[in-house]
Amino acid sequence: MTPRVGIIANPISARDIRRVVASANSVPIADRANIVLRALAALAACGVEDVVMMPERGGIGGHVLRGIERSRQRGEARFPRLNFLDMKITGTVEDTRCAARMMTLAGDVAVIIVLGGDGTHRAVAGECGPVPIAGISTGTNNAFPEHREPTITGLAAGLAAMGLVPPAIAFADNKIIEVSIDDGAPEIALVDVAIVTDRFVGARALWRTETFRELYVTFADPEVIGMAAIAGLVEPVTRSDAGGLALTLGPAAAARMRVRAPIAPGLVEMVGIEAWRRMPAGMVFKPALTAGAIALDGERELFFDPHQDVAVTLVDQAFHTVDVKAVMQFAARQGLLFDRSPEAVKS
């Protein structure tokens, strides 16, 4: 069975309140389509012949098809065959979840390329099972997908999908944090879980630091934007380190420590730090706040009252991603992208 690559491109990522309160930019539909075209060209260069993509109403697919057709009219063969999943479009996050499930159940999708922010990647990670993700950042606070030229991500995804790189090198394990209320089905976060006092849902994204009370992260990186940056400025924890970090926060004016953290693009705010400790995998943490909201990867998703029990647990080796750097280093050492055609050898 010839492996296929899946593409899930979120047409509505990067449209939260951080567009207003910070200097975050948005990625127009045409630019998202161009990102897909760059990834497609890279996949074809690695020998990938078939790609399946999530349909959407935002217009990305239409732009991509027109770009492919213009290339064909010029006599080029730069792109693989592209088909769209046969699925109902709702215009909600359920489209992303459904597409990830369908690609996983197909059995021949070796890698899923994801365009979006932390929320989009979380939705895919919750449904992709053993199929690795190759992330491309097009959201607001993108702590999870690494910032990289999409052509390179496409090359790494293609080489990994075609089996040209050993899985132990091509794929990396990733941590998640599970949150359950009253022993219910857990929700997951890829980067951070924040416990906040503000239950107002007018804007789901977090940006009012005075409401932050507790923070749990899978990795703490001072080079990213968002909640993970707060933890990273206190005690860095890498993606590959065991466990994560748990912090107790408070209003900056009365806190034991304060740190200036980039919680959104162009928005550097003072955050109060009361305490922190490492967060081992499998250990259940119970928030001290008796009632409030729970933000998953920067957006409020859950709410709890004093009579409810909240459990927060880090899970190691929860899903896989393409290790772009490791794949490209291996490709360079092994000459995987050398032209070994008879014509090239003769010259």
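Residues numbered from 1 in each chain as written. Predicted model: local features only at pLDDT ≥ 70, side-chain atom pairs only at ≥ 80, totals over all residues. Heavy atoms only, no water.

**Q** Explanation requested: the overall build of the protein chain in the structure shown.
**A** Looking only at helices and strands, the protein chain features ten helices and 16 strands. In terms of overall dimensions, the protein chain is globule-like: its C-alpha atoms have a radius of gyration of 21 Å, near the 20 Å expected for 347 residues. Referenced to the eigenvectors of the C-alpha coordinate spread, the extents of the protein chain come out at roughly 70 × 40 × 35 Å. Here the protein chain holds 347 residues, and 51% of them are scored as buried. In the structure as shown, the protein chain presents an accessible area of about 15,400 Å², 52% of it carried by carbon and sulfur atoms. In the protein chain, 35 side chains carry a positive charge and 39 a negative one; their mean positions are 4 Å apart. (Helix = DSSP H or I, 4+ residues; strand = E, 2+ residues; numbered from the N terminus. Rg over C-alpha atoms; globule rule 2.2 N^0.38 Å. Buried < 20%, exposed > 50% of the residue type's maximum accessible area, 1.4 Å probe, protein only. Areas by Shrake-Rupley, 256 points an atom, 1.4 Å probe, with all protein chains shown as cover. Lys, Arg positive; Asp, Glu negative; His and termini not counted. Charge placed at Lys NZ, Arg CZ, Asp CG, Glu CD.)

**Q** Honestly, the packing of aromatic side chains in this entry has me stumped. Any pointers?
**A** In this description, an aromatic ring pair is defined by two values, namely the gap between the centres and the angle between the planes. Counting across every chain of the model gives two aromatic pairs. Taking the centre distance of 5.7 Å and the plane angle of 45 degrees together, the rings of F144 and F319 count as tilted. Taken together, the residues span a long stretch of sequence, with F144 in the loop between β5 (133-137) and α6 (150-161) and F319 in strand β16 (residues 310-322) at a distance of 175 residues. On the accessibility criterion, F144 (6% relative accessible area) is buried. A centroid spacing of 5.8 Å and a plane angle of 65 degrees characterise the contact between Y216 and F285, whose relative ring orientation is edge-to-face. You can see Y216 sitting in strand β9 (residues 212-217) and its partner F285 sitting in strand β13 (residues 284-285), a full 69 residues away along the chain. Across this residue pair, the class does not change: Y216 and F285 are buried. In this arrangement the basic side chain of R239 is found over the ring face of F144, its NZ or CZ atom lying 5.7 Å from the centre. Directly above the ring of F219 sits R239, whose terminal nitrogen or CZ lies 4.3 Å from the centroid. (Phe/Tyr/Trp six-rings, centres within 6.5 Å; stacked < 30°, edge-to-face > 60°. Lys NZ or Arg CZ within 6 Å of the ring centre and 35° of its normal.)

**Q** Could you clarify how one ought to interpret the state of the cysteines in this entry?
**A** As enumerated under the stated definition, the model contains zero disulfides in all. In this structure C98 is a free cysteine whose sulfur lies 14 Å from that of C128, the closest cysteine sulfur available. (Disulfide = S-S within 2.5 Å.)

**Q** Help me out: how do you make sense of the side chain of D192 in this one?
**A** Mapped onto the fold, D192 is located in strand β8 (residues 192-196). At 7.5 Å, R122 is the nearest oppositely charged side chain to D192, a buried residue that forms no salt bridge. Of the polar contacts made by the side chain of D192, one reaches the backbone nitrogen of G298; its length is 3.3 Å. Once residues within four sequence positions are removed from consideration, D192 is found in contact with L215, Y216, V217, M227, A228, A295, L296, D297 and G298. (Salt bridge = Lys/Arg side-chain N within 4 Å of Asp/Glu carboxyl O. Polar contact = N/O pair within 3.5 Å; in protein donor to acceptor, adjacent residues only side chain to side chain. Contact = heavy atoms within 4.5 Å.)

Treat this as a map of the structure, not an account of what it does.
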